[in-house]
Amino acid sequence: MLPIALIPLSDRTVDIFGKPVRDPDLIVGSLYSALAIAAVFGLTRIDSLPTAHVSTSGNTVHRADPSDAECHLDVNGEARDTSPATSHLPASLREHQDELGRGGSTIPRHRSPTAERGAGPHGLFNRMGAVTQLWSRRPVVLLLAPIQVAFGVSAALLGYQVTGKMVKESFGSHALVVGSLLSALVSLSAAILQPVSRYLSPRLGKPPIMLAGLLAFVGLATLVHFSPAQLAAPAGLVVLPFYLLQGVGRACYEGTNKALYADIFGANDSPAAFSNIVLANGLASSAAYFAFPKLSKQEMATVALVCSLIAVGGYLVAEVVHRTQNFRGGGRE
């Protein structure tokens, strides 16, 4: 609905770095950037995201352990105090103190360090610290980052060059409707391929599916690079491979890619790892939407192609590193 709402602004432009940019493109790019930044900060507010703090000596970095929480649920679903202040007491006395606490006792209860650090504005920076500290603690996250970059850049290439220019020049007054339908084809094809990837993943493993998705991004960039500015007839059929390739890549990104993160980083590091997905994808796609108006079609396609090839190499190295760690007993489940 957003492209339709922006139709009245389609003829208005603004100069950015000496090149005209259509107002609708600027609005969409700015909105996408704002949503990406908001998503990054939103993910850092996930309660299970481990916080990080520096010791008073300034030399050691510790991660908060979820087990230091003030209380846990027992088998009956009732809160049970497990704080260090009462963990040394006999079970009968701990139960008695729990009863007093539920009855409004004035006996102070221990407040966990995690709860203290998670509250207030400092909690946000601690959680952001957990995201960035993953780069040094688990460098494999940096090897996987190009996958998220490739997806973001490929989506920008499809939206700006294919839908915004090639489809517009080939379909004329019908470009808006055709572009909207083709964009929906990306989501549709990705949704159809999700059950297929879930079926094949346990049988073939994740590497073939990941490589298929990444090679789809390579194919999209190559196709854009060598395609004419105006699609050959019949344009309705010639344009389909662009969107189908993006659909294959998106199916990999939304499904196998995120399952790979869960496998590699485990329960403790997954929240920070998933925040890195949003961070890399959001920054890459935002940068591409603002940079592409300054580039030619071949330059845009080259940028997307290089990002996709780096993603293939980074993924292969990440797989080798992860399998080597597991073989040596250093893998984290």
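Residues numbered from 1 in each chain as written. Predicted model: local features only at pLDDT ≥ 70, side-chain atom pairs only at ≥ 80, totals over all residues. Heavy atoms only, no water.

Nonpolar side chains tend to gather and get buried jointly when the protein is soluble and globular. Residues Val162, Val167, Val239, Phe242, Tyr243 and Phe292 are the most contacted members of the largest nonpolar core, which totals 28 residues. Put simply, the parts of the chain that give this core at least two residues each are α7 (140-171), α8 (175-204), α9 (206-226), α11 (240-291) and α12 (297-327). With 8 residues, α7 is the single largest residue contributor to this core. Apart from the residues within four sequence positions on either side, Tyr243 is in contact with Leu158, Val162, Thr163, Val167, Leu182, Ser183, Leu185, Val186 and Ser189. Met210, Ala273, Val312 and Tyr315 belong to the second largest nonpolar core, which has 23 residues in total. (Core = buried A, V, L, I, M, F, W, Y, C linked by side-chain atoms within 4.5 Å. Buried < 20%, exposed > 50% of the residue type's maximum accessible area, 1.4 Å probe, protein only. Helix = DSSP H or I, 4+ residues; strand = E, 2+ residues; numbered from the N terminus. Contact = heavy atoms within 4.5 Å.)

This part is about the environment of Val140. Tracing the backbone shows Val140 in helix α7. Between the alpha carbons of Val140 and Val321 there is a distance of 7.5 Å; along the sequence they are 181 residues apart. In this structure, Val140 is in contact with Ile264, Phe265 and Ala318, ignoring residues within four places of it in sequence.

Looking now at the packing of aromatic side chains. Under the definition given, this model contains 4 aromatic pairs. Their ring planes at 5 degrees and their centres at 4.0 Å tell us that Phe151 and Tyr253 sit as a pair that is stacked. You can see Phe151 sitting in helix α7 and its partner Tyr253 sitting in helix α11, a full 102 residues away along the chain. We note that Phe151, like Tyr253, is buried. Here the aromatic rings of Tyr261 and Phe265 are separated by 5.4 Å at their centres, their planes lie at 40 degrees, and the arrangement is tilted. (Phe/Tyr/Trp six-rings, centres within 6.5 Å; stacked < 30°, edge-to-face > 60°.)

Moving on: the packing of α7 against α11. Any two packed helices are characterised by how steeply their axes cross, that is the angle between the axes, and by the distance between the axes. The interhelical angle for the contact between α7 and α11, taken along N-to-C directions, is 160 degrees, at an axis separation of 4 Å. Judged on the interaxial angle alone, α11 and α7 are roughly antiparallel. In this structure, the crossing between α7 and α11 has a hand that is left-handed. (Axes fitted to C-alpha atoms, helices over the stretch in contact; angles between N-to-C directions. Parallel < 35°, antiparallel > 145°, perpendicular 65-115°, else oblique. Left-handed = near helix turned anticlockwise from the far one by under 90°.)

Right, let's get into the packing of α9 against α12. At their nearest, the axes of α9 and α12 sit 7 Å apart, and the two run at 165 degrees to each other. One finds that α9 runs roughly antiparallel with respect to α12. Of the two elements, α9 crosses α12, and the hand of that crossing is left-handed. Taken together, the residues that form the contact of α9 with α12 break down as 17 nonpolar, 5 polar and 4 charged. (Nonpolar A, V, L, I, M, F, W, Y, C, P; charged D, E, K, R; others polar.)

Moving on: the confidence of the model for the protein. Here the protein shows a mean pLDDT of 75. Residues at 70 or above account for 62%. Contacts for the low-pLDDT stretch residues 46-87, under 50 throughout, to residues beyond four places or in other chains number 76 contacts. Every residue in residues 104-121 is under pLDDT 50, and counting partners more than four places away or in other chains gives 31 contacts. (pLDDT = per-residue confidence, 0-100.)

For an α-helix the count is 3.6 residues per turn, leaving residues at separations of three or four pointing the same way. Spanning 32 residues, α7 covers 44 Å between terminal C-alpha atoms, matching the ideal 46 Å at 1.5 Å per step. A bend of about 35 degrees at Val162 is the largest found in α7. Just downstream of α7 lies Gly172, where phi reads positive at about 60 degrees. (Expected span 1.5 Å × (residues − 1). Bend = angle between axes of the 7 residues up to and from the residue.)

A few words on the environment of Asn326. In this fold, Asn326 is placed in helix α12. Under the relative-accessibility criterion, Asn326 is labelled partly exposed at 33%. Spatially, the C-alpha atom of Asn326 lies 9.8 Å from that of Ile264, the residues being 62 residues apart in sequence.

This part covers the pattern of salt bridges. Taken as a whole, this structure holds 6 salt bridges when the rule is applied. With a shortest N-O distance of 3.1 Å, Arg137 and Asp269 are connected by a salt bridge. Taken together, the residues Arg137 in helix α6 (residues 120-137) and Asp269 in helix α11 connect sequence positions 132 residues apart. The class for Arg137 is partly exposed, based on a relative accessible area of 28%. In this structure, Arg250 engages Glu254 in a salt bridge whose closest nitrogen and oxygen atoms are separated by 3.8 Å. Of the two residues, Arg250 and Glu254 are both situated in helix α11; the distance of 4 residues between them amounts to about one turn of the helix. By relative accessible area, Glu254 is classed as partly exposed at 33%. (Salt bridge = Lys/Arg side-chain N within 4 Å of Asp/Glu carboxyl O.)

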